[in-house]
Amino acid sequence: MSRNCISNEYNDDWSSEAQQMMLNYLTAPRDQQPHTCGWVVGVEPCNEVLFPKQFAAHLKAHGVRGSDDTKMSCCWVGCDADQMNKESVLRHIFEVHLELRIECPDCGQTFTRKTSLNNHRRREHS
């Protein structure tokens, strides 16, 4: 039995507002785009679509809580990182799984942490 998963039909009935919203998402910097949560709940990934600023509260719902030095494993799909402190989990997800980067406005070099960008700018552009 053959399955044809490709259709010649698609929904082209987008309102101009919906088209503009989609273009805004696609052209926005990655830290302003929605991302899919890959935290494994049971045996399946969460798959909720969130903006980066929503991830901290969302991960609390997945049980990422406790004191900052509580040891935790990253439960993102396919992640084999060593255990880390709870305070590092969100940063790990942003850097490794969402691949969020901050660009230097002076030279375009990218960094995973704001402090690294600030240090770079002090050293290279002051």
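Residues numbered from 1 in each chain as written. Predicted model: local features only at pLDDT ≥ 70, side-chain atom pairs only at ≥ 80, totals over all residues. Heavy atoms only, no water.

Asks: Can you lay out the nonpolar core for me, pointing to particular residues and giving the numbers?
Replies: Among the nonpolar cores identified, the biggest contains 14 residues, and Trp-39, Trp-76, Val-89 and Ile-93 are the most heavily contacted of them. For Val-89, the residues in contact, after removing those within four places along its chain, are Trp-39, Val-64, Met-72 and Met-84. (Core = buried A, V, L, I, M, F, W, Y, C linked by side-chain atoms within 4.5 Å. Buried < 20%, exposed > 50% of the residue type's maximum accessible area, 1.4 Å probe, protein only. Contact = heavy atoms within 4.5 Å.)

Asks: Run through the environment of Trp-14, naming residues and quoting values.
Replies: One can find Trp-14 in the segment before α1 (16-27). Note on Trp-14: relative accessible area 40%, which makes it partly exposed. In contact with Trp-14, not counting residues within four places along its chain, are Gln-19 and Met-22. (Helix = DSSP H or I, 4+ residues; strand = E, 2+ residues; numbered from the N terminus.)

Asks: Let's hear about helix α3 (residues 86-97): which residues, and what values?
Replies: Here α3 is twelve residues long and its end C-alpha atoms lie 16 Å apart, about the 16 Å a rise of 1.5 Å per residue gives. All buried positions along α3 are accounted for by Lys-86, Ser-88, Val-89, His-92, Ile-93 and Glu-95. If you follow the buried residues of α3, they end up packed against α2 (55-61), β5 (71-72) and β6 (84-85). Among the residues trailing α3, Glu-99 stands out with phi positive, at a value near 55°. (Expected span 1.5 Å × (residues − 1).)

Asks: Provide a residue-level description of the layout of surface pockets, including the pertinent values.
Replies: Here the largest pocket is characterised by a volume of approximately 340 Å³. Taken together, Asp-31, Pro-52, Leu-90, Arg-91, Phe-94, Glu-95, Leu-100, Arg-101, Ile-102, Thr-112, Arg-113 and Lys-114 make up the lining of the largest pocket. Of all the elements, α3 adds the most residues to the lining of the largest pocket, at four residues. (1 Å grid on protein atoms, 1.4 Å probe; cavity = no way out; pocket = protein on both sides within 12 Å on 5 of 7 lines; lining within 4 Å. Points joined across faces, edges and corners; volume = space filled by probe spheres on them.)

Asks: How would you summarise the confidence of the model for the protein chain if you had to cite specific residues and measurements?
Replies: In the predicted model, the protein chain carries a mean pLDDT of 86, and the fraction of residues at 70 or more is 89%. This stretch, residues 1-7, has a pLDDT under 50; its non-local contacts, to residues over four places away or in other chains, come to zero contacts. (pLDDT = per-residue confidence, 0-100.)

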